[in-house]
Amino acid sequence: MRLANRPLRLAACATVALLTAAVGCAPQDAAGPGKQSCARGQLATVARGTLTVGTDKPAYAPWFHDDDPANGKGFESAVAYAVARQLGYDKGAVHWQTVPFNNAFAPGAKRFDFDINQISISAARKRAVAFSSGYYGVRQAVIALKGSKAARAKSIADLRRVKLGAQVGSTSLDVLQDTVRPTQQPAVFQKNDLAKSALRNGQVDAILTDLPTAFYITSAEVKDAEVVGQFAATGAPDEQFGLVLDKESRITGCVTAAVDTLRKNGTLARLEKKWLADAVSVPVLK
């Protein structure tokens, strides 16, 4: 009886061996509709052997320095190269491409492997593109003209009696309404450009934006304004910047794994401390 069943057992073992070999050779850590190995330096990138990274131009500090994302200076430039190294691509194998901010997460095929440009992860954007896990937690901030009553605010209560404004549909407006709860009806703007003009012209005492935008506005656009303070992170989950990938990208899982590793080993925290020291120094309004 045992001898009679031996061929069947051998066939079964052969089948198991074949299946085991197939599983052993299957791509690991894959993401997206197509499976892709995360073998270092061997991803299914837009250009073979090269990692193409997109960002907008001009590329502003503190995210980039000297309008040159390729120099490795600035938080996002440094993060991009850290992710590239984790994926197995040295600096010479990274190619930067100019991608306007709104184009990065617009529907359609992408010519980059990932884009890094202070883009918040959101459900609406996920309908058009894929995101890595977050590499930077975003906070909202208050901007006011230097020397004004709003600029002297030390707490949320101090802001409630000044005229505030924010962009419609933004997280900034949510914080203004839900956290600050001003006594005056807030001004709501279609774009941040209109909010900045209103601040310059004295139509509002202060405006709310995310902290990175606040730094840019006060350093390059409204130089007689200052960042008054930032708000503690609110909501679940907290607002995060993520790397943007094509909706059908086969390397999303690999890029996410790289970001997760950089978070766990402390690299992201070190880069944030090095390049975003100003963010740490801004007082938290309570």
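Residues numbered from 1 in each chain as written. Predicted model: local features only at pLDDT ≥ 70, side-chain atom pairs only at ≥ 80, totals over all residues. Heavy atoms only, no water.

## Focus: the confidence of the model for the protein
In the predicted model, the protein carries a mean pLDDT of 85, and 85% of its residues have values of at least 70. Below a pLDDT of 50 lies the segment residues 1-34, which in the model reaches 23 contacts outside its immediate sequence neighbourhood of four places, other chains included. (pLDDT = per-residue confidence, 0-100. Contact = heavy atoms within 4.5 Å.)

## Side note on the pairing of strand 4 (residues 129-137)
Within strand 4, 8 of the 9 residues are buried, leaving the element largely enclosed by the surrounding structure. In the sheet, strand 4 pairs with strand 10 (residues 240-246) via 6 bridges, with the strands oriented antiparallel. Directly across from Phe-131, in strand 10, lies its bridge partner Val-244. (Buried < 20%, exposed > 50% of the residue type's maximum accessible area, 1.4 Å probe, protein only. Helix = DSSP H or I, 4+ residues; strand = E, 2+ residues; numbered from the N terminus. Pairing = 2+ DSSP bridges.)

## Quick look at the environment of Ala-214
Relative to the elements of secondary structure, Ala-214 occurs in helix 8 (residues 211-221). Sequence separation between Ala-214 and Val-142 is 72 residues, and the spatial gap between their C-alpha atoms is 7.5 Å. Those residues in contact with Ala-214 that sit more than four places away from it in its chain are Ala-141, Ile-143, Thr-209 and Val-227.

## Things to note about the packing of helix 2 (residues 75-87) against helix 10 (residues 267-275)
Contact pair helix 2 / helix 10: the axes reach a minimum separation of 9 Å and the direction vectors enclose 155°. Between helix 2 and helix 10, the interaxial angle falls into the category roughly antiparallel. The way helix 2 lies across helix 10 gives a crossing that is right-handed. Contacts between helix 2 and helix 10 pair Phe-75, Ala-78, Val-79 and Ala-82 from the former with Thr-267, Leu-268, Leu-271, Glu-272 and Trp-275 from the latter. (Axes fitted to C-alpha atoms, helices over the stretch in contact; angles between N-to-C directions. Parallel < 35°, antiparallel > 145°, perpendicular 65-115°, else oblique. Left-handed = near helix turned anticlockwise from the far one by under 90°.)

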